[in-house]
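# Descriptive analysis of the structure
Take a look at the letters that make up each chain.
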Amino acid sequence: MEFFAGIDIGASTTKAVIINTKGEVIGYSVTDSGADFELAANQTFGQACEQAGCALDDCIVASTGYGRNNVPFASFAKTEISCHAEGSFHNFPRAHILIDIGGQDSKIIKIDNDGKRINFRMNRKCAAGTGAFLEEIANRLKIRLDELNGLAEKAQDNVQISSYCTVFAATEILSRIREGSGVPEIIKGIFTSVIKRVLEMDSMEGDLAVSGGVVAHNPFLVKMFEEKTGKKIFVPPLPQLTGALGAALYARKAKEV
Amino acid sequence: MSADKKVTFKKIKATGQMRKIMADYFYDLDGAVKDETQKVAWCTSVGPAELLLSLGFKVYYPENHAAMLGATRQATNYIPVANAIGYSPDICSYLTSDIGAYLKKETPLSRAYEGIEGIPKPDVLVFNTNQCRDVQDWLAWYSREWNIPLMGVSTFRNIGEISDEVLAGIVQQLKDLVPKLEKISGNKFDIDKFRETMAASKECTELWEKVLETNMASPAPMSFFDATIHMGPAVVLRGSQTAIDYYELLLKEMEERLADGVGAVEDEKFRLYWEGMPIWGKLRDMSELFIGLNTAVIASTYCNSWIFKAFDPADPFLSTARAYTEIFIVRDEEYKEKYIEDVVRNFKLDGILFHDSKTCPTNSNNRYGMPERLEKRLNIPSLTINGDLNDLRCYSEEQAKTQIEAFIEQLEAM
Ligand code: SF4
């Protein structure tokens with residue numbers, strides 16, 4: 001039996017996906033990237049293998065993400081841009097725009113009807129429009145990350161947070177608190193801020209798909225995205241694993257050649 | 001594909017000669033500062049250098065010095081010093097690093113050239129605002145610091161057609177400079193000298209253009225990253241025989257590369273345009289990154305900016321006005337797009353890289369929708385990298401590398 005693995009070492013988390021020859025996901029895992037990318041790759045891959053019931057020798061491995069060159073057992077590396085496009089087209093085989101909101105960066109990738117990438121954008125160097133922004137604000141408000149979604153859902157109102165800068169946004173939030181805004185409203189406000197930052201990165205004509213860790217953990221954010229854009233938005237079954245899936249698909253393609 | 005693979009870097013043989021003439025140039029300037037009878041003028045890089053040279057000034061170009069601060073990765077030590085005296089981190093980082101270095105009493109010149117203690121203190125500071133306002137503010141700072149006269153030419157910017165009225169205005173401004181410059185230099189203006197200097201400058205820039213045009217061939221012999229270094233003499237020694245001799249030598253070497261089929265990049269697969277300023281502190285890294293990706297970055301607005309086609313010794317004032325006004329940086333979007341289109345076609349390029357240089361808006365042409373328009377117009381992709389000419393704190397290396405690699409993967413899949 002032959003398997004194909006994709007390992008996506010992101011700045012915050014490391015993801016591994018194992019697929020079979022049909023492209024079905026038979027194992028996956030997500031761990032923190034930490035400071036040792038190689039270790040993270042080993043652990044995550046090991047867990048995914050266990051689930052899939054395979055070993056390294058059964059797999060062709062491709063790596064992606066910021067740590068893509070730190071996976072000694074990968075046959076080759078591809079950027080996360082290509083892998084996200086590949087993974088997303090596998091999930092939605094038609095022309096669309098993928099919005100991936102990750103821990104440290106956000107990407108907008110335009111894909112045509114043949115699955116080819118037409119264009120891509122990444123957020124500028126700062127945290128605006130990424131998971132890091134949510135993390136920082138949650139930290140300031142002493143809220144756990146897994147509470148954000150539930151809180152935002154409860155909001156009666158939307159509090160406006162307009163600063164680009166995470167630090168300024170945090171000060172803005174202090175003013176909102178002084179004015180008496182509730183925590184759920186503030187969380188909804190920061191979700192809105194992330195959505196706005198992402199939407200202003202590119203024009204969004206056509207079908208939209210969203211993925212990434214932020215999306216995986218905050219389904220309410222997707223709902224807000226739909227309200228904001230007036231479009232039905234596709235969410236893959238494993239939103240956080242789009243890049244790793246794409247890498248695994250590249251590994252499968254490499255075998256075909 | 002991995003950008004981290006070992007790369008072979010092809011050294012240009014003429015580099016030794018370039019180093020020598022640049023060293024001679026700086027020693028000559030240093031000598032002039034110590035010699036009462038010799039006058040020194042500072043001139044912005046696309047300022048009226050030929051006029052100054054013809055009046056006997058030794059000419060120093062502060063932008064060249066600032067680029068050295070960037071290339072030696074010293075700029076970020078100095079930028080905060082200028083910030084602290086009120087010069088914003090958002091304005092030209094050439095300006096802030098140069099003034100910061102002066103305030104710290106440091107210069108790469110004294111590290112590179114034994115015996116040179118500082119930058120050459122001038123007798124006059126001359127600007128042309130054709131490129132930006134920052135150059136005027138930059139020289140104005142030194143003017144106040146040293147109590148030295150500041151003068152220059154104010155050029156309209158963002159223009160399409162260049163009208164006779166615009167040129168007449170600039171000619172007048174140039175002529176108005178003459179009596180003031182005569183007084184400072186102690187030399188009488190001599191139109192024949194002006195013509196001679198212009199003829200030499202013209203020859204230099206024509207040779208430089210020929211060097212750049214060797215890159216129309218595939219594989220292209222010279223990368224953008226090499227060209228930014230070898231452009232030095234065209235900036236600081238134009239108007240001299242030395243520069244002409246140098247570009248004859250360099251052209252010969254590039255022609256040999258053509259004849260031997262030697263490219264700057266081994267196994268050249270893609271050819272790209274670089275729009276915007278270089279990231280001076282990252283030239284070597286960028287160069288290696290692209291070699292590793294079998295991609296030749298071989299045409300640029302930046303290196304083409306020292307081609308002054310309009311120089312005409314028969315009418316030196318008018319042609320100075322024209323040459324320094326018709327350059328890319330002065331023109332409107334439509335002109336710029338047509339310009340890039342022609343280069344992309346002539347050099348058979350596969351894509352365009354835009355460098356959004358945080359502190360140099362006039363060289364960041366991605367900011368008014370040009371990449372999107374050019375992608376449609378030329379049917380090739382583009383990529384915008386965020387960075388800066390000198391302030392490396394504005395540059396995220398990992399992100400830029402990933403974007404560049406992803407861009408090449410996109411070209412491969414096309
Ligand atoms: S053109 Fe840009 S880099 Fe050059 S002096 Fe002006 S602001 Fe600085």
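Our subject is the structure listed above.
Reading the values: rules and limits
- Residues numbered from 1 in each chain as written.
- Chains lettered and ligands numbered in written order.
- Predicted model: local features only at pLDDT ≥ 70, side-chain atom pairs only at ≥ 80, totals over all residues.
- Heavy atoms only, no water.
- Helix = DSSP H or I, 4+ residues; strand = E, 2+ residues; numbered from the N terminus.
- Rg over C-alpha atoms; globule rule 2.2 N^0.38 Å.
- Buried < 20%, exposed > 50% of the residue type's maximum accessible area, 1.4 Å probe, protein only.
- Areas by Shrake-Rupley, 256 points an atom, 1.4 Å probe, with all protein chains shown as cover.
- Contact = heavy atoms within 4.5 Å.
- Pairing = 2+ DSSP bridges.
- Disulfide = S-S within 2.5 Å.
- Buried area = accessible area lost by both parts, 1.4 Å probe.
- Salt bridge = Lys/Arg side-chain N within 4 Å of Asp/Glu carboxyl O.
- Nonpolar A, V, L, I, M, F, W, Y, C, P; charged D, E, K, R; others polar.

Along chain B, the regular secondary structure elements total 18 helices and eight strands. Taking 2.2 N^0.38 as the reference for a compact globule, 414 residues should give roughly 22 Å; the C-alpha atoms of chain B span a radius of gyration of 21 Å, in line with that estimate. Reported as C-alpha extents along the three principal axes, the dimensions of chain B are approximately 65 × 45 × 40 Å. The buried share of chain B, reckoned over its 414 residues, is 60%. Total accessible area computed for chain B in this model is approximately 16100 Å², and 50% of it derives from carbon and sulfur atoms.

One can find Ser 357 of chain B in strand E7 (residues 351-357). Sequence-distant contacts of Ser 357 of chain B, defined by excluding residues within four places in its chain, comprise Met 277, Ser 364, Arg 367, Gly 387, Asp 388 and Leu 389 of chain B.

Residue and element names in this part refer to chain A. Pairing in this open sheet of five strands is mixed, and the strands run E8-E7-E6-E9-E10 from one edge to the other. Lying at the two open borders of the sheet, with one neighbouring strand each, are strand E8 (117-122) and strand E10 (233-234). Direction of pairing for strand E6 (residues 96-101) relative to strand E9 (residues 208-211): parallel, over a ladder of four bridges. By the bridge assignment for E9, Leu 98 is matched with Ala 209.

Moving on: the state of the cysteines. If you walk through the whole model with that rule in mind, you get zero disulfides over all chains. Free cysteine: Cys 59 of chain A, not disulfide-bonded; nearest cysteine sulfur from Cys 54 of chain A at 3.8 Å.

Right, let's talk about the interface of chain A and chain B for a bit. Facing 20 residues of chain A, the contacting portion of chain B comprises 21 residues. Carbon and sulfur atoms supply 44% of the area buried between chain A and chain B, which totals about 1700 Å² over both sides. Run the count over chain A and chain B and you get two salt bridges. When the shortest N-O distance is used, the salt bridge between Arg 121 of chain A and Glu 372 of chain B registers 2.4 Å. Ranked by residue count, the leading element in the side of chain A that touches chain B is E8 of chain A, at six residues. Here the side of chain A that touches chain B is composed, by residue class, of six nonpolar, five polar and nine charged.

Turning to the environment of Val 17 of chain A, a few remarks are in order. Residues and elements named next belong to chain A. With respect to the secondary-structure elements, Val 17 resides in strand E2 (residues 13-19). Val 17 gets classed as buried once you look at its relative accessible area, which sits at 1%. Taking the C-alpha atoms as reference points, Val 17 and Ala 48, 31 residues apart in sequence, are found 6.5 Å from one another. Discounting residues that sit within four places of it in the chain, Val 17 has contacts with Phe 4, Ala 5, Gly 6, Val 25, Gly 27, Tyr 28, Leu 241, Ala 244, Leu 245 and Ala 248.

Turning to unusual backbone geometry, a few remarks are in order. The linkage connecting Ser 218 of chain B with the following residue, Pro 219 of chain B, adopts the cis geometry, with an omega of 0°. By secondary structure assignment, the location of Pro 219 of chain B is in the loop between helix H9 (191-213) and helix H10 (224-230). Although it is not a glycine, Lys 142 of chain A sits at a positive phi angle of roughly 55°. Along the chain, the position of Lys 142 of chain A falls in the loop between helix H3 (131-140) and helix H4 (148-154). Despite not being glycine, Asn 147 of chain B has its phi angle at roughly 55°, a positive value. Of note, Asn 147 of chain B is situated in the loop between helix H7 (134-146) and strand E4 (150-153).

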